[in-house]
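What the coordinates show
The primary structure of each chain is shown beneath.
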Amino acid sequence: MSLQAPEGTKDMLPDEAKFWNRFKQTAAEVFGRYGYLPIETPMFEQTELFVRGIGEATDVVSKEMFQAISGENLKKLLAGESIKGKSRLSLRPEGTAGVVRAVVQHDLVPQGAAPVKLMYAGPMFRAERPQKGRYRQFNQIGVECLGAEAPTTDAEVIIMLMRFFAAIGIPERSMRLLLNSMGCEKCRPAYRERVRAYMEEHEGELCDECMRRAEINPLRAFDCKNPSCSAVMEEAPKITDYLCDDCKEHYAAVKSYLDAASIDYVEDTRLVRGLDYYTRTVFEVQVVDGLGSQNAIGGGGRYDKLAEEVGGRPTSGLGFALGYERCVLALQAAGVEFAPAARCDFFVACVDETTRSAAFELLQMARDAGIVGEMDHQGRSLKSQFKLADKLGARRVVILGPDELAEGKMKVRDMGTRREALVDIATVRELLAHFGGLPYGGEPVPQLEEVFPVGEGE
Ligand SMILES: [Zn+2]
Ligand SMILES: [Zn+2]
């Protein structure tokens, strides 16, 4: 049997890969308007980073991480020897820990500096049981803003996320933005104790997992999908009743900025992130229909304690991550389709073998000038060459015949209107040479219609 892509992974074929590129490009454009710059961090990090930055007790770290190990170290482990901590590596299960590690390592926010605003896009890895819409390698785009405490930055990232979803075409009416505040290290401990006490009162109605969580981190019970747990937690004490004055004020300010920007949101006191370094604002964007229970397409929050967790000085921060695959499902549910990726704009056809080298040269000049072009590489008949040009999506075809060539002419056909014209080769070469002489990637790019005209009506 031929080899297949590993379980839980998928290939992005050209139509989708092109869409993914556009998706990343849109994110860079939208987030760029808010001052976000790209960062690339390694796809694997020391396991210790994720243990500290995500939390040992989470499913992600305790069950779902892919370990990465060199052949040498694997031999050592199998022989019962131990390996150094810095050789214990894992594929990144999410993007935040690596970015915050890089910010700390390179001191990107020296004290008193303006916030650093970073964005990333790329694959993440989790050894989950593969199921619909869930992959072991999946793609995320995210932003992290460090060194910013003001509620304007919270409102800004949320607005930016909603603008991105709108820009890629997810209909506004099909999205729901959930918002909550998780308090801070001053006010949350008392709240957590209240939740723990509440859970103990309802011990019989909660699952074992939740009761175990009650010991370590009771807030994680809010995420339990078990219907009985979910019903109990619905009635649990609400964090918003326990916020300290600073947190209350911060939360109210975030909401007022969102109101001013006409962003609709639903306050959901059950939206919590079960890790200690999350503080204050948390948010999640869900798609109302089409995705079932896996309906969150993006989310994030403030993590004022995370930089310290990975060994930096106290640095407030916040960010979000959005899932590419879920967005695609949401777009499909909304009836949006990928545009098929066109291979070329322009095709050069040869009437016979004698014109092939002229065709090759013309095509090369067109490409150097910035035109996407192709020719036949298999000695097809003229008729088959036209079929191929059509299949590749060419808008204009140049036909090189020995007789025309002898007179310094070539025939240009518009594939849409079928209009044809005889064009002077020298003129075309001159135009192409002009554009081709510009620096690579330089503007402007010639218009196909300008270089290969078919006459009247253009
Ligand atoms: Zn507080
Ligand atoms: Zn439960």
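From a predicted model like this one, the values you see are computed outputs, not experimental measurements.

Side note on the pairing of strand 7 (residues 175-181)
Taking burial as the measure, the 7 residues of strand 7 include 6 buried ones, the bulk of the element. Here strand 7 pairs with strand 9 (residues 279-287) via 7 bridges, running antiparallel. Its bridge partner being in strand 9, N180 is matched across the sheet by V282. Sheet topology note: the strand 7/strand 8 (residues 266-267) ladder contains 2 bridges and is parallel. Looking at strand 8, one finds that L179 is bridged to E267.

Here we look at helix 16 (residues 425-436)
The end-to-end C-alpha distance of helix 16, which contains 12 residues, comes to 16 Å, matching closely the 16 Å that a straight helix rising 1.5 Å per residue would cover. Three or more residues of helix 16 are buried, namely I425, V428, L432 and F435. Projected onto a plane normal to the axis of helix 16, the buried residues spread over an arc of 95° and lie on a single side. Opposite the packed face of helix 16, turned more than 90 degrees from it, sit the exposed residues E430 and H434. Buried residues belonging to helix 16 abut helix 13 (356-368), helix 15 (402-406), strand 15 (409-414), strand 16 (420-424) and helix 17 (448-451).

Notes on the coordination of the zinc ion (ligand 2)
Taken together, the protein ligands of the zinc ion (ligand 2) are C207 (SG), C210 (SG), C224 (SG) and C229 (SG), with distances of 2.3 Å. Geometry at the zinc ion (ligand 2) is tetrahedral, judged from its 4 donor atoms and the angles of 105 to 116° they form at the metal.

Side note on the nonpolar core
If you look at the biggest cluster of nonpolar residues, it comprises 96 residues, and the most contacted ones within it are F23, F31, F165 and L322. Considering each element in turn, this core owes the most residues, 10 residues, to helix 6 (residues 151-168). Apart from residues no more than four positions distant in its own chain, L322 is found in contact with F23, F31, N139, Q140, I141, L161, F164, F165, I297, G298 and C327. Core analysis: the next-biggest nonpolar cluster, separate from the first, contains 25 residues, V348, I425, V428 and V454 among them.

As for the coordination of the zinc ion (ligand 1)
At 2.3 Å from the zinc ion (ligand 1) lie its protein donor atoms, namely C184 (SG), C187 (SG), C244 (SG) and C247 (SG). Around the zinc ion (ligand 1), the 4 donor atoms are arranged such that angles at the metal cover 100 to 114°; this shape is classified as tetrahedral.

A look at the domain arrangement of the protein chain
Here the domain parsing of the protein chain yields domain 1 (14-187 + 243-333) and domain 2 (346-451). For domain 1 versus domain 2, the separation of C-alpha centres amounts to 48 Å.

Regarding the packing of helix 1 (residues 14-32) against helix 12 (residues 324-333)
Where helix 1 contacts helix 12, the two axes come as close as 12 Å, and the packing angle between them is 105°. As far as their axial angle goes, helix 12 and helix 1 are roughly perpendicular. Contacts from E16, F19, W20 and F23 of helix 1 reach helix 12 at Y324, C327, V328 and L331. For the contact of helix 1 with helix 12, a count of residues per class yields 7 nonpolar, no polar and 1 charged.

Section: a nonpolar patch on the surface
Taken together, the side chains of I69, L74, L77 and L78 define a hydrophobic patch exposed on the protein surface, amounting to about 370 Å² of accessible area. When you line up the elements, I69 lands in the loop between strand 3 (67-68) and helix 4 (71-78). Among the residues examined, I69 registers a relative accessible area of 36% and is labelled partly exposed.

Cut-offs applied
- Residues numbered from 1 in each chain as written.
- Chains lettered and ligands numbered in written order.
- Predicted model: local features only at pLDDT ≥ 70, side-chain atom pairs only at ≥ 80, totals over all residues.
- Heavy atoms only, no water.
- Buried < 20%, exposed > 50% of the residue type's maximum accessible area, 1.4 Å probe, protein only.
- Helix = DSSP H or I, 4+ residues; strand = E, 2+ residues; numbered from the N terminus.
- Pairing = 2+ DSSP bridges.
- Expected span 1.5 Å × (residues − 1).
- Arc of directions from axis to C-beta.
- Contact = heavy atoms within 4.5 Å.
- Donors = N, O, S within 2.8 Å, 3.2 Å for Na, K, Ca; no water.
- Tetrahedral: all angles 85-135°; square planar, octahedral: opposite > 155°, others 65-115°.
- Core = buried A, V, L, I, M, F, W, Y, C linked by side-chain atoms within 4.5 Å.
- Domains from an automatic or database assignment.
- Axes fitted to C-alpha atoms, helices over the stretch in contact; angles between N-to-C directions.
- Parallel < 35°, antiparallel > 145°, perpendicular 65-115°, else oblique.
- Nonpolar A, V, L, I, M, F, W, Y, C, P; charged D, E, K, R; others polar.
- Patch = residues over 30% accessible without salt bridge, like charges linked within 9 Å, V, L, I, M, F, W, Y side chains within 5 Å.
- Areas by Shrake-Rupley, 256 points an atom, 1.4 Å probe, with all protein chains shown as cover.
- Salt bridge = Lys/Arg side-chain N within 4 Å of Asp/Glu carboxyl O.

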